[in-house]
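What the coordinates show
Listed below, chain by chain, are the residues.
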Amino acid sequence: MPKKILITGGAGYIGSHAVKLFLENGYEVVVFDNLFRGFEEPIKILKKIGKLDFVRGDLRNAKDIEKVFHTHKIDCVLHFAALCLVNESMENPGLYFENNAMGSLNLLEAMKKHQVGKLIFSSTCATYGETKYLPVDENHPQNPVNPYGESKLLVEKMLPWYEAFGLRYVILRYFNICGAASSGIIGDSKKPSQLLMQNAVRGAMNIEPFAFTCAKVKTPDGTPIRDYIDVEDLVEAHFAAFTYLEKGGKSDAFNLGNGKGYSVKEIVSEVEKSFGVKLKKRKAVHRKGEYSEIFANSQKAQKILKWHSKKGITESVESLKRWYAGHPNGYKSQNSK
Ligand SMILES: NC(=O)c1ccc[n+]([C@@H]2O[C@H](COP(=O)([O-])OP(=O)(O)OC[C@H]3O[C@@H](n4cnc5c(N)ncnc54)[C@H](O)[C@@H]3O)[C@@H](O)[C@H]2O)c1
């Protein structure tokens, strides 16, 4: 019998790419999503690949998630479901603590009750906050500078307390995610996306106006530096983490990045070069909760999970070209927001 994987947030950008990868590898997948920021269309598309069940529910309702474990014998949980907009979290911290922290607590309690002992948790470099040294390794102090990062750190801190009940977990701290499925069948459908490369590509393809907003920070070209990792590389790391837990690996945390920082200006230049266009530039104010420079040391993931990122920003831009060429307006189905 193929093992069943529960993917929370599987109707969203990154989660849907993980669903695709696990189905392609012969696993049965159950997606749990409230469709607040996710879409039904990727679910319909991915059902053609393998056995996929969709449960519409909200993690904030303990009964919704408990029901999933009653109905399905789950082997491992990949937990992507969360709200992840830094600005929104500054405006409404309560929403983030309720959705991301309390929602995760409901998931953990349901797993404990049904004795499901493997979890892969989507965390973020936003748990580190302003960097003390670069590249950032897993031992870097975690001092989030926004409620989004804090809500994720709260979950990281809950996890060890569930080991007494049989849980083994992998925390994956992602840096900045970009790109789409290389076939172009699924991608980021947010309009506008919150993600720089996505929006720059949409601008270059004349789908939506893009103005390169240049927040002034203390970096060589004055724009924030981030570490970009392709979404297909990222979900490969989840597969590696799953294999690691299957083989009895102990609970641990890993950074997932490329190890190289690109400034906002450099990403915009890459998109301009790829399309042979010049994008508009506009001055912007420093965003609240923003930090100037961060990039990852991902050697631990390379060594222990045997994972490394393969794609560079040029390939990510190419995959976005394919995705937006087929879906200039994203998915046709509407999410709640
Ligand atoms: N996108 C990035 O650059 C990035 C970077 C670091 C970490 N992450 C983490 O990766 C994960 C996925 O991010 P994404 O970019 O795919 O976001 P997304 O918004 O596209 O996907 C999140 C999904 O979770 C669902 N969801 C949210 N709250 C829920 C709830 N209470 N109950 C059920 N479903 C709920 C949404 O409807 C959506 O489909 C998040 O946990 C995020 O914090 C993302």
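Structure's up top.
Residues numbered from 1 in each chain as written. Predicted model: local features only at pLDDT ≥ 70, side-chain atom pairs only at ≥ 80, totals over all residues. Heavy atoms only, no water.

With respect to the site of the ligand
This is how it is decided: Proximity is defined per residue: if any heavy atom of the residue lies within 4 Å of a molecule or strand, that residue is considered near it. We define a polar contact as two N or O atoms separated by no more than 3.5 Å, with the added condition that, inside protein, one atom must be a possible hydrogen donor and the other a possible acceptor, whereas residues neighbouring each other in sequence contribute only through side-chain atom pairs. Only the protein chains shown count as cover for residues, with accessible areas throughout obtained via the Shrake-Rupley method and a probe of 1.4 Å. A run of DSSP states H or I qualifies as a helix once it reaches four residues; a run of E qualifies as a strand once it reaches two. Both are numbered from the N-terminal end. As a working rule, the residues Ala, Val, Leu, Ile, Met, Phe, Trp, Tyr, Cys and Pro are called nonpolar, Asp, Glu, Lys and Arg charged, and the rest polar, with Gly in that last group.
What surrounds the ligand is a group of 29 residues, the closest being Ile14, Asp33, Phe80, Tyr148 and Lys152. One nitrogen or oxygen atom from the side chain of Asp33 is found 2.6 Å from an oxygen atom belonging to the ligand. Residue Arg37 places a main-chain N or O atom 2.9 Å away from an oxygen atom belonging to the ligand. Across the complex, the protein chains shield 96% of the 830 Å² of accessible surface that the ligand would expose by itself. Looking at the shell around the ligand, the elements with two or more residues in it are α1 (13-24), β5 (118-124) and α6 (147-158). Looking at the shell around the ligand element by element, the count peaks at three residues for β5. Partitioning the shell around the ligand into residue classes produces 15 nonpolar, nine polar and five charged.

So, α6
Let me state the cut-off plainly: Expected span, for any helix, means 1.5 Å times one less than how many residues it has. Each residue is placed in one exposure class: buried if its accessible area under a 1.4 Å probe, protein chains only, is under 20% of its type's maximum, exposed if it is over 50%, and partly exposed if it falls in between. Throughout, a residue-residue contact means that at least one pair of heavy atoms, one from each residue, lies within 4.5 Å.
Helix length check: α6, at twelve residues, gives a terminal C-alpha distance of 16 Å against a target of 16 Å (1.5 Å per residue), a fit within 8%. Counting buried positions along α6 gives nine out of twelve residues, so the element sits mostly inside the fold. Taken together, the buried positions of α6 are occupied by Pro147, Tyr148, Gly149, Ser151, Lys152, Leu153, Val155, Glu156 and Met158. Residues of α6 that are buried make contact with α4 (86-91), α5 (93-113), β5 and β6 (168-174).

Quick word on the sheet that holds strand β7 (residues 176-178)
Going by this rule: One bridge is not enough; two strands pair if DSSP finds at least two bridges between them. Orientation is described by axes fitted as lines to C-alpha atoms, over the contacting stretch for helices, and by angles from 0 to 180 degrees between their N-to-C directions.
Within the open sheet, the three strands sit side by side as β7-β9-β11. Their pairing is mixed. Two strands bound the open sheet, and with one partner strand each, they are β7 and β11 (261-263). On average, each strand axis in the sheet is tilted by 55 degrees relative to the strand beside it, whichever way the strands run. One ladder, built from three bridges, connects strand β9 (residues 225-230) with β11; its direction is antiparallel. Across the sheet, the residue bridging to Arg226 is Tyr262, located in β11. Here helix α9 (residues 264-275) sits on the sheet in contact with β9 and β11, set at roughly 80 degrees to β11.

Describing unusual backbone geometry
Residue Pro135 is reached from Leu134 by a cis peptide bond, and omega for that bond is -10 degrees. Of note, Pro135 is situated in the loop between β5 and α6. Positive phi, close to 60 degrees, is recorded for Leu35, a residue that is not glycine. Along the chain, Leu35 turns up in the loop between β2 (28-33) and α2 (41-46). A relative accessible area of 3% means that Leu35 is categorised as buried. For Lys306, which is not a glycine, the phi torsion comes out positive at approximately 60 degrees. Along the polypeptide, Lys306 turns up in the loop between α10 (299-305) and α11 (313-326).

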